[in-house]
Amino acid sequence: MAETKNILSEEKEGILYLTVNRESKLNALNFDTLEEIRNIFNEVVDNKEIKGVIITGSGEKSFIAGADISEIAELNELNARKFAENGQEVFSLIENCHKPVIAVINGFALGGGCELAMACHMRVAVANAKFGQPEVNLGIIPGYGGTQRLTFLIGRGKANELMMTGDMIGAEEAKRLGLVNHILATKEEAIAQAEDILKKIMTKAPLAIGMIVDCVNSVYNREENGYQTEANSFARCVKSGDYKEGTSAFLEKRKPIFKGE
């Protein structure tokens with residue numbers, strides 16, 4: 001990984017651990033941190049040693065408490081559009097990554113932090129997690145894809161309520177709404193749960209995992225026929241060596257050894 005100032009990174013047994021490390025700022029996302037995330041995920045795509053990613057925030061109080069308000073306060077109409085588009089581009093890299101990305105959410109996941117968590121493929125929360133899109137309190141709206149992903153994840157009515165009121169919800173309600181996959185008592189347990197999920201996924205065919213990402217994301221793309229994407233992706237899988245290995249292993253009653261080829 002490239003050298004970073006605001007993100008701690010460690011690769012272990014095929015899992016890349018990323019920790020947003022601005023604890024004194026409740027891990028708020030500033031321009032530099034977003035660019036570091038962009039650069040990291042551009043590297044993840046081509047790094048064959050990395051099979052999955054876990055993202056969390058430093059400390060116990062906050063996953064990511066939002067975008068950096070000091071930077072938002074300096075925006076004007078011209079650069080505000082670029083500000084939003086830049087964040088959307090970075091989070092799209094996460095959402096479209098062919099390697100599974102899990103957010104481990106401790107404490108506050110607000111504004112841009114909630115948006116980053118929603119861009120991940122799955123979310124594991126600590127019991128003290130709080131979610132929200134409170135941008136209306138600043139006279140703005142979510143700009144990093146939050147209006148879209150929150151609506152897709154929890155439905156129009158509840159998404160409107162949360163974004164219009166700026167209210168926060170706890171981990172239990174987030175799980176009930178479908179925003180969270182699992183809740184654990186501590187951050188250590190939440191990371192262990194994310195590791196267990198990734199290790200199970202890492203035993204499957206990597207190309208098929210990537211195709212699932214494409215197909216699931218196509219559900220939310222109005223310009224794409226998701227059924228056709230599924231059929232095309234299925235055909236690409238059948239062309240692969242992983243398909244031959246998987247079917248052969250099944251018939252031979254042995255565990256498959258996938259190579260992502």
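Rules of the game
Residues numbered from 1 in each chain as written. Predicted model: local features only at pLDDT ≥ 70, side-chain atom pairs only at ≥ 80, totals over all residues. Heavy atoms only, no water. Salt bridge = Lys/Arg side-chain N within 4 Å of Asp/Glu carboxyl O. Helix = DSSP H or I, 4+ residues; strand = E, 2+ residues; numbered from the N terminus. Buried < 20%, exposed > 50% of the residue type's maximum accessible area, 1.4 Å probe, protein only. Pairing = 2+ DSSP bridges. Axes fitted to C-alpha atoms, helices over the stretch in contact; angles between N-to-C directions. Contact = heavy atoms within 4.5 Å. Lys, Arg positive; Asp, Glu negative; His and termini not counted. Polar contact = N/O pair within 3.5 Å; in protein donor to acceptor, adjacent residues only side chain to side chain.

*Asks:* Report on the pattern of salt bridges, specifying residues and quantitative values.
*Replies:* Oppositely charged side chains are able to pair whenever their charged atoms sit close together. Throughout the structure, instances matching the rule amount to 10 salt bridges. Glu 13 serves as the salt-bridge partner of Lys 199, at 3.9 Å between the closest nitrogen and oxygen. A residue pair is termed long-range when its members are at least 10 positions apart, and Lys 199 in helix H8 (residues 187–201) and Glu 13 in the loop between strand E1 (7–12) and strand E2 (15–20) qualify at 186 residues. What makes Lys 199 partly exposed here is its relative accessible area of 38%. Of the charged contacts, one joins Arg 254 and Glu 252 as a salt bridge, the two residues approaching to 2.7 Å between their closest N and O atoms. Its relative accessible area of 35% is what places Arg 254 among the partly exposed residues.

*Asks:* Kindly report on the sheet that holds strand E4 (residues 62–64), identifying the contributing residues and their values.
*Replies:* Spatial strand order, E4-E6-E8-E9: 4 strands in an open sheet with mixed pairing. On the outer flanks of this sheet lie E4 and strand E9 (168–170), each paired with one strand and no other. Each adjacent strand pair in this sheet contributes to an overall mean axis angle of 20°, direction not counted. Pairing analysis gives 2 bridges linking E4 to strand E6 (residues 108–110), with the strands arranged parallel. Its bridge partner lying in E6, Ile 64 is registered against Ala 109.

*Asks:* Quick one: what's the story with the sheet that holds E2, residue by residue and with numbers?
*Replies:* Adjacent strands of a sheet pair through backbone hydrogen bonds, lying either parallel or antiparallel. The strand order across the open sheet built from 6 strands is E1-E2-E3-E5-E7-E10, with neighbouring strands paired in mixed fashion. A strand with exactly one partner marks an edge of an open sheet, and here the two such strands are E1 and strand E10 (182–184). Adjacent strand axes in the sheet meet at a mean angle of 20° when their direction is disregarded. Direction of pairing for E1 relative to E2: antiparallel, over a ladder of 6 bridges. Its bridge partner lying in E2, Ile 7 is registered against Val 20. Against the sheet, helix H1 (residues 31–46) makes contact with E1, E2, strand E3 (52–57) and strand E5 (101–105), and its axis sits at roughly 175° relative to E2, the strand it touches most.

*Asks:* Can you lay out the environment of Gln 193 for me, pointing to particular residues and giving the numbers?
*Replies:* Topologically, Gln 193 is positioned in helix H8. Residue Gln 193 is classed as partly exposed on the basis of its relative accessible area, which comes to 23%. C-alpha separation for the pair Gln 193 and Ile 141, spaced 52 residues apart in sequence, amounts to 33 Å.

*Asks:* Which residues make up the side chain of Glu 135, and what values go with them?
*Replies:* Mapped onto the elements of the fold, Glu 135 is located in the loop between strand E8 (130–132) and helix H5 (146–154). Look at Glu 135: it is buried, it has no salt bridge, and the nearest opposite charge is Arg 149 at 11 Å. At 3.0 Å, the side chain of Glu 135 forms a polar contact with the side chain of Gln 133.

Read these as spatial facts, not as claims about activity.
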